[in-house]
Structures are given as C-alpha cells and as structure tokens.
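# Results of the structural survey
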Amino acid sequence: MPAVTDIVKLQNVSRYFGGITALKDVDFSCRAGSVHGILGENGAGKSTLIKILSGVLPPSEGQVLVDDKPVQYQSPSQAAKDGIVCIFQELSLIPDLSVAENIFIDHPPRRFGLIDASAQRRMAEKVLARIKCEDVDPDARVRDLSLSRRQMVEIAKAISKDLRVLILDEATSALTSKDVETVYGLLEELTANNVASLFISHRMQEVEALCDRLSVFRNGSHIQSFDKGDLTEGEIVRLMIGRDIEAQYPPKPPKAEVHQPALSITDLRWEQSLKGVDLSVGQGEIVGLGGLDGQGQKELLLALFGVLKGVKGEVRLGDMPFIPTSPAACKSAALALVPEDRKTEGLMLSLSIADNLLLPNYKAVSRGALIDTNRAAQEVDAAIAKLQIKTASPDISVETLSGGNQQKVVIAKWLALNPDVILLNDPTRGIDVGTKQEIYSLIRNLASSGKGVLLYSTDYAELIGCCDRVSVMYDGRVVNELSDDQLTEQALVAAALNIQSKGVA
Amino acid sequence: MNTLLSFTPENRPIAIAAAFTLMIILIGTAYTLTTQGTAPMLTPSYLLQQLQIGSFLGLCAAGMMMVILLGHIDLSLPWTLTAAAMMATSVGGPWAIPAGLSVGLIVGLINGFGVSYLRIPSMIFTLGVDSVLRGLMIAHTGGFAPQTEASPLMRYLAADRIMGLPVAVFVWAAVSILITVVLTRTGFGKSIYATGAKESAAYLSGIRTRWVITGAFIASSMCAASAGILLAGYSAKAYQGMGAPFLLPAIAAVVLGGTHILGGRGRYLGTLVGVILIVFLNSVLSIMQMPEAFRQIIYGIVIVGMLLVYGRENKTRL
C-alpha cells in the first residue's frame, strides 16, 4: 500500500445559486491511490461538488487545497494542469472532429507551431489501445460512433493527460458490460499508479464493487465518509435519506375498493428509453412516477402525450384504445400534460396571461369563427380566481409573474378543458413552499372529482405525501410499485436503486 | 385589451413610425415650398395617388406580416406575385382572377409544406420556390413580356375609382380588415402569435402548429397573388420582374411597423403605418429629384436606423 496522502481537500466549501444553497460548508478529502465513491440522492450536491473540484465553478465560500496548497481554478483547463480531470455525464466531445482531434483537443502535439497530425494519430492509437479500444479508428468522426464508443473516447481523452485525480460522473451508464470491465481494469491500474479516482454512480452494486472509500451527501451537506464495509447497504440508504419533510400535504382519502381505469399502459416501448412500461391510473387516483433521474419517466410522459415518434405498445383511455399521435389529438381525448420546463414548454413568456390561458381553449370561447371576447374574459377571470393566480391584470405578460404563479397558469390553461387524465412532470420544481401546498391540494381536488393523475417528481417526500401509489422506474421499466405502508422513503430509494427492499429494512 | 392609443411597448414603434411619416411629409412640403412655392404633397389628389401606389405594397406587407409573426419569412413573394399576374392575364376573361389566386394558394401550400413538415428553414425554402417559379414563368413566356392583357375586372379593381377613391384602396382596406379580424379575433390568429412566441410551448398546448404555419404561408402567397393581379390590372398587363421591387419594402414595412422579426409580437396597425412610411419616403425622395444612387442609400439608412431605435427600446424591456 502506498502512503495515505490527501491530494485534494475541500475546506468549508459552500456554493450558492441565487438564493439556493447547493453545497453547504463541505469538508471533503480524497486520497491518492484510492477509488472514492460519492453517493446521494438527486440534488444532494454531487454535481456541484465535482464542478468545483474540476474548476468548472468557483466555490462561493471556502477553500480548495491541492497538495495542501490553496488553489483558485478559473477553468477546467487549469485544473487539468494539476492533473485533475473530469469525465462528465454530458459528453464533451465535438461531433464533427475526428477521434484523435478530440482526444488531444486542448494539448495537441505541435511541430513548428502547427499541429502534428500524424503524431497525434499515433498517440491517439496508443491511448485507445490502453483502454482496449483498438477498433476505434482515430480518424473516424465522433459523430459516426455509437454512444458507448463515444463514452470510451471521452475516457481516452481524460487519461491522455497527466493524471492525478480522475472524476467519473455516471461515466459507466452508457457503456456496454465489456467496456465497463475495461474501465474497472483501468481504475485498478490507475489506483496502482497512485491516482485518486472519484466515482459517482447510481448503481449501488458498481459502487460496492469498485470503491474502497465512500462519502454520502444529502441536501448539499457532506454527511459522512467511511471505508467500504464499515456500513451495511441499509445503513447507507438511511444516511442518504434522513431529511425533514417540509411541506404539508392534503389528507389522502380512504382507499377505494376498485378504481375504474382512467389510463392504462401495456408494454410501452420507445427507442432505448422505454423498455416495456406497464402502468395504470384509476379514476380518482394520484399515481406517482418515482425513480432516479433519467430512467425514462420524462419519455413516458412525452410518449403518452403524442410527442415522440415510433412509440410501440398499447394505451387505453378509460375503456377506449388510444393512440397518441399529437398533443392536439390528446387534447381532444381529454388528456393534458403539464410539461417539465414551464419557461420553454409550458408558456409563451412574451404573451399575456390571458393569451396563455386561452391558447388550448379557443374552440370553447368562440362563436362560429370569431372569439367571443366576453366569454373569453369570463374564462380567464374564472381560471385566475380558481387557482388564485396573483396578478394585477390578465393582460400583462406572463414573464412578469413569479415561478409559482407561472406554473399555476400552465395548470390552469388545461383545467378549462376539463381533462380526464392529467400528466404532471415535476410541477413543483423551483417553487416556494406556500405555492407548493396550493398545487398539492389542487391535485388532490382534481383526483377527488374523478380524474386520473400521473405525477412525476424528483422529490421523494412529495411522492409519498401526494400519491396514492408510486410506480418506480428503473432503466426504462416500472420495477416496483409501492402503496400504503410500503410507501416510505427507504423503500423508494431502495426501489430507485433497484435493490431488494428486504435488504434495506 | 390594448386600446389604440395606450403606449405599451407594442405600440411604441407604431407611434415612432407614424411620427417619422409626418416628418417626411413636412420635410417634403418644406422643400417644395422653398423651391416651387407650392405644397403639392398636401393636396388630396397627391395623397390619393400615394394610397393607390401603396395598395400594392400594402397587400404584399399584409401577407408578409403573417409569416414574420411566426418568425419565418417568405422570399418567394416576387415571383409568386409575377406568376399570379401572368397566369391571370394568360387565362383572361372571368377566370383571370381565380387563376391568379389559385397560383397563390398552390405556392402557399408548397411553402407551408416545406417549412412545417419538411422542416427546411423558410429563408432557404421560399428562396428556392421563388427560383422555381421564375424558371416556370420564363418557360411559359419564352423570356419575353407576355402579350396577353388584363381582364376588364382586373383593370376596374386596380385603376378605377369609386366616389373619387381608387378601387384598389378598397381592396387593400378589405384585406386589412380581414387580417386584423383574423389576428385579433380568431383562434387561428392567436395561434400564430403563440407559435411565433414559442413553437414548442404552442405545440404542447395542443395547437396544430404545422397547420398554423401552412395557413400563414397560404395567406402570404394569396396576398402576394392579389397584389400581382392588381398590379397587372393597373399596368394593363403582366411583365417580367414586376414583383422584384416589392420584396424588401414589404419586409421593411412589417418590421418598421414594430413586428418582431423573430416572431410572436406585432400589430397589423403597425404594418399599415410602415407601408405608408415607405410610400411617402419613396415619393419625397423622387419629388426632391434625388439621383437614384442617393435614393437607395437614404432608403437603406432609414430602415436600418429606425430598427436601431427600436432595438434600443427592446433592450430596456429585457
């Protein structure tokens, strides 16, 4: 064993975005010659931590120490000079350049001041051979490679530098199992060379197998670091959750014997994202969609709303088979979607509140071809009153409203159509607690009036507080369904990580 | 609802353009008073003649506004106009006008299909359609000015007068009222604004955005075709290149009238004011007997300069 030395240290580091605290007073260190796993829920501060370590973001407060010397990186390339390299989740390759050009994009070999293309190609071949990717042609354009090959090129790019700390952010999620093996081997080799690896993954098994030290983050705080084997899986999951439930939820009604189906989905498939989803929502029921980010929840909602092309499988609305071909068709079939990003998908920010509210409803307020201005004004006033949208006038532009009130406009525009099924994509994201509560009781009232609600949320507490049932998605499938007493944070987290809930309790 | 005179950001460019139009007329009058001692620009006959000339540009701009509100553009205007005029005179008789309008309908359908379904940028697609139309018309006429003549109805609509007012102005007024009603009082018009403001959000609100885009392009081409039919009636026949002088002024009139070039914002009143501004600007420059070279330079500077003024105002709103 090499001597235990800390390469990188964070001291009292905090990071704020506007009024939001992403990292709070974090002390963290990472040893040479180790693989260090970082665990935490969505929004626990993992990504911010990595961005600070790799020089993408400066800390708002506190210090970063490399080899016990304080550093202030202005850019990732400065961090790379000290040997700190990050492989990001979002691929950082330039599709129209060749593999070799991408690998050496920030440190190309030069001759007489010009890039030495043949040397670059030779060096690229060497690096690719090191990660067993001899099949990748250094002259191929990155655009033409498959996703897993691209990810390997990304890794090649990182290890082509003089490495001391390698950060892998979900770097294995796109890889084939053979490549994953290669990466494991590479990590071992790096560890033997006294390189520190920071490993972030939502796959518990992977973290268990690879890492020799683990750190748990929650709500922007560093909760605990420990060596592998010190804690059981169950204890780790408990560390990841343990947070206060802030919002108040409306009481759930007693469970009905049998719900009339409002929406049922059988074996829904779409490209690589949906791999056979089975799900049903009853009338008067709020069904939650849980799981980690990016397990196909968003795609499922978009597929149901007719946005995605080439969706296979069966969808039934009530008793009728339904093929979602376009949002307009869904609107006619009394299906509504509150989309993920209210600023680009939900609202036309430059238009007035009235125009936004009326957009799906012109048929209802028109007499013949012309809009009946009185009826339109009544409709707008009714919607504003019903959702208590706080505004001086319906004619001012919707971008002047607060986030919560903007979201209310998005919801209100659909309610006038009286939809039978409402799909909600993270409707309370970035909204203050008070408005959240209003939206929760609104959702509950909708369900009580016999509508079916499918709610995707990244906030587990919200799923537990709001939903009658939660279907947890993992890798494009519904892997578990929790209701009643089973619906706990522990069970949700365990199901989201696709580990058996028995092992956790 | 916005009243006509409320000074909202939407109305500010309209007010500026109107003030600038008045200024142009005053400058022109001052010029004629000092050089000739008369004020022909303030006589009714001069003003009516300007309206007559303005009606062709007015129709082109009305259609162009529909596509610019979507954030698109219709560069096929010159040869849509010419093709409609040539087809109308070729067919002649009672079917002259329907023939010309159906050229507009077909071109609009093709443009709309290319932009909304094939997703080709409108700037490229309509330019291509313009070139195709030009080729077709040259093949049709053999490259010479067609010998056919406008039908009596076309001449009546373009050059005759009712109660001393040019009939063409009534046509322009009717189209203007129609477009105003469509834009402010129908779901289709509101959908144009919504699609122009944020196409993805409009689509996710259940708007059939492809139909909306196609509809707007049809409106644009039909307006261009109407202008072509009237212009052929005015000059008694169709001729090569009759549409070319209308493209830039039509776009300029829409944009000077305060319609956002990226879509989503704009009032038809502004386009009307923009058309009048451009017509008077041209007219004053010709009264001053400005050489052609300087006329082009001043014309361009005015358009760019006014947009700079608007741009500043927009910046403070962001």
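Basis of the calculations
- Residues numbered from 1 in each chain as written.
- Chains lettered and ligands numbered in written order.
- Predicted model: local features only at pLDDT ≥ 70, side-chain atom pairs only at ≥ 80, totals over all residues.
- Domains from an automatic or database assignment.
- Contact = placed C-beta atoms within 7 Å.
- Nonpolar A, V, L, I, M, F, W, Y, C, P; charged D, E, K, R; others polar.
- UniProt positions renumbered as here; feature names shortened; annotations may be inferred.
- Helix = DSSP H or I, 4+ residues; strand = E, 2+ residues; numbered from the N terminus.
- pLDDT = per-residue confidence, 0-100.
- Pairing = 2+ DSSP bridges.
- Axes fitted to C-alpha atoms, helices over the stretch in contact; angles between N-to-C directions.
- Expected span 1.5 Å × (residues − 1).
- Buried ≥ 20, exposed ≤ 12 C-beta atoms within 10 Å, placed from the backbone.
- Core = buried A, V, L, I, M, F, W, Y, C linked by C-beta atoms within 7 Å.
- Parallel < 35°, antiparallel > 145°, perpendicular 65-115°, else oblique.
- Left-handed = near helix turned anticlockwise from the far one by under 90°.

Residues and elements named next belong to chain A. Domain annotation of chain A identifies domain 1 (6-240) and domain 2 (261-503). Spacing between the C-alpha centres of domain 1 and domain 2 amounts to 36 Å. Opposite the nine residues of domain 1 that make contact, domain 2 presents nine residues. Here the side of domain 1 that touches domain 2 is composed, by residue class, of three nonpolar, four polar and two charged.

Turning our attention to the UniProt feature "transmembrane region" (unreviewed entry) in chain B. All names here are of chain B. Mapped onto this numbering, the UniProt entry gives "transmembrane region" (unreviewed entry) at residues 14-33, 53-75, 95-117, 162-183, 211-232, 238-256, 268-287 and 293-311. Along residues 238-256, the helical share is 53% and the strand share 0%, with 29 Å between the first and last C-alpha atoms. Between the first and last C-alpha atoms of residues 268-287 the distance is 29 Å; the span itself is 100% helix and 0% strand.

What follows is about the confidence of the model for chain B. Low pLDDT means the predicted coordinates in that region are not meant to be read closely. Residues and elements named next belong to chain B. Of the residues in chain B, 95% reach a pLDDT of 70 or more, and the chain-wide mean stands at 89. Here helix 13 (residues 292-317) is the element of chain B with the lowest mean pLDDT, 73, and helix 4 (residues 96-117) is the one with the highest, 96. For residues 1-6, every residue scores under 50 in pLDDT, and the model assigns this stretch four contacts once sequence neighbours within four places are set aside. Across residues 314-318, confidence stays below pLDDT 50; counting only partners more than four residues off in sequence or on other chains, it has one contact. In the predicted assembly, ipTM is 0.83 and pTM is 0.75.

Residues and elements named next belong to chain A. Pairing is mixed in the open sheet, where six strands are placed in the order 6-9-10-3-11-12. Only two strands of the sheet have a single neighbouring strand rather than two, namely strand 6 (84-87) and strand 12 (221-227). In this sheet, adjacent strand axes meet at a mean angle of 20 degrees when their direction is disregarded. Bridge analysis of strand 9 (residues 165-169) against strand 10 (residues 196-200) gives five bridges, and the strand direction is parallel. From the neighbouring strand, Ile167 faces strand 10, where its bridge partner is Leu198. Contacts from helix 1 (residues 46-53) reach strand 3 (35-40), strand 6, strand 9, strand 10 and strand 11 (213-218) within the one sheet, and its direction differs from that of strand 9 by about 150 degrees.

This part takes up helix 6 (residues 177-192) of chain A. End to end, helix 6 of chain A covers 23 Å across 16 residues, agreeing with the expected 22 Å (1.5 Å per residue, within 8%). Two residues or fewer after helix 6 of chain A comes A:Asn194, characterised by a positive phi angle close to 70 degrees.

On to the environment of A:Leu166, then. Residue and element names in this part refer to chain A. Note on placement: Leu166 falls in strand 9. Using a count of 25 C-beta atoms within 10 Å as the deciding quantity, one classes Leu166 as buried. The sequence separation of Leu166 and Leu53 amounts to 113 residues, and the corresponding C-alpha distance is 10 Å. What Leu166 contacts, discounting residues up to four positions off in sequence, is Val85, Ala158, Leu190, Val195 and Ser197.

Here we come to the confidence of the model for chain A. For chain A, mean pLDDT is 84; residues scoring 70 or higher make up 94% of the total. Confidence over residues 501-505 of chain A falls short of pLDDT 50; this stretch has 12 contacts with residues more than four positions distant or in other chains.

All names here are of chain B. Of all hydrophobic cores here, the largest spans 235 residues; its most connected members are Cys60 and Ala250. Top element by residues in this core is helix 10 (residues 209-234). It accounts for 16 residues. Ignoring any residue separated from it by four or fewer positions in sequence, one finds Cys60 in contact with Leu77, Cys223, Ala224, Ala227, Phe246 and Ala250.

All right, on to the interface of chain B and chain A then. Listed per partner, the contact involves 20 residues of chain B and 25 residues of chain A. Of all elements in the fold, only helix 8 (187-197) and helix 9 (199-204) of chain B reach the threshold of two or more residues within the side of chain B that touches chain A. The residue inventory of the side of chain B that touches chain A, partitioned by class, reads nine nonpolar, six polar and five charged.

This part covers the packing of helix 1 (residues 12-35) of chain B against helix 12 (residues 268-287) of chain B. Each packed pair of helices is defined by two parameters, the angle between the axes and the distance between the axes. Residues and elements named next belong to chain B. Interaxial distance between helix 1 and helix 12 falls to 9 Å at its minimum, and their mutual angle equals 20 degrees. Between helix 1 and helix 12, the angle is such that the two are roughly parallel. Judged by the sense of rotation from one axis to the other, the crossing of helix 1 with helix 12 is left-handed. On the side of helix 1, the interface is formed by Pro13, Ile14, Ala17, Ala18, Phe20, Thr21, Ile24, Ile25, Ile27, Gly28, Tyr31 and Thr32, while helix 12 contributes Leu269, Gly270, Val273, Gly274, Ile276, Leu277, Phe280, Leu281, Val284 and Ile287. Taken together, the residues that form the contact of helix 1 with helix 12 break down as 17 nonpolar, five polar and no charged.

Our focus in this paragraph is helix 8 of chain B. Most of helix 8 of chain B is tucked away: 10 of the 11 residues are buried. Buried within helix 8 of chain B we find B:Gly187, B:Gly189, B:Lys190, B:Ser191, B:Ile192, B:Tyr193, B:Ala194, B:Thr195, B:Gly196 and B:Ala197.

What follows covers unusual backbone geometry. The phi angle at A:Asn12 is positive, at roughly 50 degrees, despite the residue not being glycine. Following the sequence through the fold, A:Asn12 ends up in strand 1 (residues 6-17). Accessibility expressed as a C-beta count within 10 Å gives 12 for A:Asn12, which makes it exposed. Even without being glycine, B:Arg119 reaches a positive phi, approximately 60 degrees. With respect to the helices and strands, the residue B:Arg119 is situated in the loop between helix 4 and helix 5 (122-141).

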